[in-house]
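Architecture at a glance
Here is how the chains run, residue by residue.
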Amino acid sequence: AQTVTQSQPEMSVQEAETVTLSCTYDTSESDYYLFWYKQPPSRQMILVIRQEAYKQQNATENRFSVNFQKAAKSFSLKISDSQLGDAAMYFCAYRTLFSGGYNKLIFGAGTRLAVHP
Amino acid sequence: GAGVSQSPRYKVAKRGQDVALRCDPISGHVSLFWYQQALGQGPEFLTYFQNEAQLDKSGLPSDRFFAERPEGSVSTLKIQRTQQEDSAVYLCASSLDETGLGYTFGSGTRLTVV
């Protein structure tokens, strides 16, 4: 069974600085998807970034980028130029590539990010 | 609608009471998922629908939990004889196709069992 581990329950960063959130996972599959989701107090999960395991190039979305290390099963999220609106819970998630009705997301326990002005 | 709508936003139930949580997905979305998020934890998968067919209910924690999507649109998650351990946020997500890649989540229902 696949598992996702986020070892940092809480992180903090100064506005305009850079922060990295860690995520490791365990799987025997060779092809899969990895995601970072943001959950603000409104509770709605918002997709931040997605990485396909078969792509070697790290995904980037504006100020958000990932460091995907497939051999190490590591998938960290870097937030550059942090903004007050980035404060939220961040969840790392795994999904198998092949769907057959079993395309659920497996989430880590989350990291609470505080942004200080 | 423009997004996934869940109701009620908050629900307080007395232990032993039955509850029904509603999810109204984005119109035309084929896939619908329910997740349970305990306090301070990540969401955990409960069940998956493709149109009206419930293809995976492996995450439902007990036979007190039941989900349906009779016409392939609105879904209801029902919990019978609620227990304190059922207290959690229940999230619904929908996706346009059967791959379930492009999830859109609702804002969830926070259930508190007292």
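Check the entry above for the structure.
Below is a summary of the structure that appears in this document. Here the structure is a predicted model, which means the values were calculated and not measured.

Cut-offs used in this document
Residues numbered from 1 in each chain as written. Chains lettered and ligands numbered in written order. Predicted model: local features only at pLDDT ≥ 70, side-chain atom pairs only at ≥ 80, totals over all residues. Heavy atoms only, no water. Contact = heavy atoms within 4.5 Å. Buried area = accessible area lost by both parts, 1.4 Å probe. Polar contact = N/O pair within 3.5 Å; in protein donor to acceptor, adjacent residues only side chain to side chain. Helix = DSSP H or I, 4+ residues; strand = E, 2+ residues; numbered from the N terminus. Buried < 20%, exposed > 50% of the residue type's maximum accessible area, 1.4 Å probe, protein only. Pairing = 2+ DSSP bridges. Axes fitted to C-alpha atoms, helices over the stretch in contact; angles between N-to-C directions. Disulfide = S-S within 2.5 Å.

Let's talk about the interface of chain A and chain B
At the junction of the two partners, chain A supplies 21 residues and chain B supplies 27 residues. Between chain A and chain B lies a buried interface of about 1900 Å² when both sides are counted; carbon and sulfur atoms form 49% of it. Three residues, Arg 43, Asn 103 and Lys 104 of chain A, lead the burial of chain A against chain B; their summed loss comes to 32% of the area buried on that side. Scanning the region where chain A abuts chain B turns up 7 residue pairs in polar contact (both at pLDDT 80 or more). For the side of chain A that touches chain B, the elements supplying multiple residues, two or more each, are strand 5 (32-39) and strand 10 (88-96) of chain A.

Side note on the pairing of strand 5 of chain A
All names here are of chain A. Among the 8 residues that make up strand 5, 8 are buried, leaving the element largely enclosed by the rest of the structure. Along strand 5, one buried face is formed by Tyr 32, Leu 34, Trp 36 and Lys 38 and the opposite face, lined by Tyr 33, Phe 35, Tyr 37 and Gln 39, is buried too. Both strand 5 and strand 6 (residues 46-52) contribute to a ladder of 6 bridges, which runs antiparallel. The residue bridging Tyr 37 from the neighbouring strand is Leu 47, located in strand 6. With antiparallel pairing between neighbouring strands as the criterion, strand 5 and strand 6 make up a hairpin whose turn holds 6 residues, including Arg 43 at a positive phi of roughly 80°.

Some words on the sheet that holds strand 1 (residues 5-7) of chain B
Residues and elements named next belong to chain B. Spatial strand order, 1-3-8-7: 4 strands in an open sheet with antiparallel pairing. Each end of this open sheet is capped by a strand with a single partner; those strands are strand 1 and strand 7 (65-68). Each strand axis lies, on average, 15° off the axis of its neighbour in the sheet, ignoring direction. Relative to strand 3 (residues 19-24), strand 1 runs antiparallel, the two sharing 3 bridges. Paired with Ser 7 across the two strands is Arg 22, which belongs to strand 3.

A closer look at the state of the cysteines
Residue and element names in this part refer to chain A. The final tally for this structure, using the stated rule, is 2 disulfides over all chains. In this model Cys 23 forms its disulfide with Cys 92; the gap between the sulfur atoms is 2.0 Å. Disulfide Cys 23-Cys 92: torsion about the S-S bond near -70°, hence left-handed. Placement of the pair is Cys 23 in the loop between strand 3 (19-21) and strand 4 (24-26) and Cys 92 in strand 10, with a sequence separation of 69 residues. Across this residue pair, the class does not change: Cys 23 and Cys 92 are buried.

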